[in-house]
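Chain by chain, the residues:
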Amino acid sequence: MIDIVKNIQTINNEVGQNCTLVAVTKTKPNSYIEEAYKVEQRHFGENKVQELERKYNELPKDIKWHMIGHLQTNKVKHIAPFVYLIHSVDSLKLAKEINKQASKNNRIINILLQVHVGKEDSKFGLSIKKMKALINEPEFKSLDHIKIVGLMTMATNTTNQETIKFEFDTVNKLYKELKPSLNLKYLSMGMSSDYKLALSCGSNMIRVGSTIFGERNYKK
Ligand SMILES: *Cc1c(COP(=O)(O)O)cnc(C)c1O
């Protein structure tokens, strides 16, 4: 049996007080979340709307649920009543829909803008140029039921540490540049394979799944 409690404690000792650990529980059963919950873990991340909604309904209400995966506009309404932070905002269209659903639910939803700086093509995430264009767009600025609280990035899937470091450094630089004017709080970068490197590059929010809960089995 995988020792969830021990794994969380180990990571907490490594990251210190100023970093938020988002425990990524996609594909994992509620019992794993309950185990983590016992040792005060409250931030959990999922990447599928349906699974996130189900787990929200079944588990303690003081859990802070993070949506970390690609989000389709037609599904925003399902998570708008309760989601704590959406990490994956990468278009005006999506931002507008989150704003609309947040307004319907009488709340302000915190979001991160997902940036992509790797060379490999990615369907998700904004280039730095597109991100800057978005935040300066009047229509985006007028959305008063969302609040940008930070940036999120996923490094290129490679074992080359130099490449990953370059990407993390680049996003950290962008974060520092925008932080004062946008009042940013979170730089979400780092997963199981690269969170230590991410921390050394300024991350203050890591999203860790398999190191805590074991490898995922998608074939089931
Ligand atoms: C699955 C996932 C993670 C966690 O991945 P691990 O390698 O299991 O730590 C982090 N971020 C995102 C966006 C994910 O989809």
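One can find the structure itself at the top, above this paragraph.
A brief structural summary. As the structure is a computational prediction, the values presented were derived from the model and not from experiment.

Topic: the state of the cysteines
Turning to step 1, where the next piece is worked out: Counting across every chain of the model gives 0 disulfides.
Turning to step 2, where the next piece is worked out: Residue Cys19 stays outside any disulfide, its sulfur separated by 13 Å from that of Cys201, the closest cysteine.

Overview of unusual backbone geometry
Turning to step 1, where the next piece is worked out: In this model, Thr27 sits at a positive phi of 70°, which is unusual for a non-glycine residue.
Turning to step 2, where the next piece is worked out: Assignment of secondary structure puts Thr27 in the loop between strand 1 (20–24) and helix 2 (30–38).
Turning to step 3, where the next piece is worked out: Using a relative accessible area of 35% as the deciding quantity, one classes Thr27 as partly exposed.
Turning to step 4, where the next piece is worked out: Notably, Asn106 is not glycine yet its phi reads approximately 60°, a positive angle.

Topic: the site of the ligand
Turning to step 1, where the next piece is worked out: Near the ligand, the surroundings consist of Val24, Lys26, Ile68, Met154, Met191, Ser192, Arg207, Val208, Gly209, Ser210 and Arg216.
Turning to step 2, where the next piece is worked out: In this structure, an oxygen atom belonging to the ligand sits 2.8 Å away from a main-chain N or O atom of Gly209.
Turning to step 3, where the next piece is worked out: Contact distances for the ligand include 2.8 Å between an oxygen atom and a side-chain N or O atom of Arg216.
Turning to step 4, where the next piece is worked out: For the ligand, whose accessible area on its own is 390 Å², the fraction buried by protein is 91%.
Turning to step 5, where the next piece is worked out: Split into classes, the residues belonging to the shell around the ligand amount to 5 nonpolar, 3 polar and 3 charged.

Let's talk about the packing of helix 1 (residues 4–15) against helix 2
Turning to step 1, where the next piece is worked out: Viewed as axis vectors pointing N to C, helix 1 and helix 2 meet at an angle of 50°, and their least axial separation amounts to 9 Å. Here helix 1 is positioned oblique relative to helix 2, judged by the angle of their axes. Handedness of the helix 1/helix 2 crossing: right-handed. Counted together, Ile4, Val5 and Ile8 of helix 1 and Tyr32, Glu35 and Ala36 of helix 2 form the full contact between these two elements.
Turning to step 2, where the next piece is worked out: By residue class, the composition of the contact of helix 1 with helix 2 is 5 nonpolar, no polar and 1 charged.

What about the pattern of salt bridges?
A side chain with one charge can pair with a side chain of the opposite charge if their charged atoms come near.
Turning to step 1, where the next piece is worked out: Scanning the model with the defined rule gives 9 salt bridges in all.
Turning to step 2, where the next piece is worked out: We note a salt bridge from Lys165 to Asp169, for which the minimum N-O separation is 2.8 Å. Here Asp169 and Lys165 lie together in helix 8 (residues 161–182), a separation of 4 residues that amounts to about one turn.
Turning to step 3, where the next piece is worked out: A relative accessible area of 35% means that Lys165 is categorised as partly exposed.
Turning to step 4, where the next piece is worked out: On the basis of relative accessibility, which here comes to 31%, the residue Asp169 falls in the partly exposed class.
Turning to step 5, where the next piece is worked out: A single network of salt bridges, built from pairs that share partners, joins Glu46, Glu51 and Lys55.

Quick look at helix 8
Turning to step 1, where the next piece is worked out: An ideal rise of 1.5 Å per residue puts 32 Å on 22 residues; helix 8 measures up with 30 Å between its terminal C-alpha atoms.
Turning to step 2, where the next piece is worked out: Of the residues making up helix 8, those classed as buried are Ile164, Glu167, Phe168, Val171, Asn172, Leu174, Tyr175 and Leu178.
Turning to step 3, where the next piece is worked out: The secondary structure elements touched by the buried residues of helix 8 are strand 5 (109–115), helix 6 (128–135), strand 6 (146–153), strand 7 (186–188) and helix 9 (195–200).
Turning to step 4, where the next piece is worked out: A positive backbone phi angle near 60° is found at Asn183, which sits one or two residues after helix 8.

The rules we used
- Residues numbered from 1 in each chain as written.
- Predicted model: local features only at pLDDT ≥ 70, side-chain atom pairs only at ≥ 80, totals over all residues.
- Heavy atoms only, no water.
- Disulfide = S-S within 2.5 Å.
- Helix = DSSP H or I, 4+ residues; strand = E, 2+ residues; numbered from the N terminus.
- Buried < 20%, exposed > 50% of the residue type's maximum accessible area, 1.4 Å probe, protein only.
- Near = heavy atom within 4 Å.
- Polar contact = N/O pair within 3.5 Å; in protein donor to acceptor, adjacent residues only side chain to side chain.
- Areas by Shrake-Rupley, 256 points an atom, 1.4 Å probe, with all protein chains shown as cover.
- Nonpolar A, V, L, I, M, F, W, Y, C, P; charged D, E, K, R; others polar.
- Axes fitted to C-alpha atoms, helices over the stretch in contact; angles between N-to-C directions.
- Parallel < 35°, antiparallel > 145°, perpendicular 65-115°, else oblique.
- Left-handed = near helix turned anticlockwise from the far one by under 90°.
- Contact = heavy atoms within 4.5 Å.
- Salt bridge = Lys/Arg side-chain N within 4 Å of Asp/Glu carboxyl O.
- Expected span 1.5 Å × (residues − 1).

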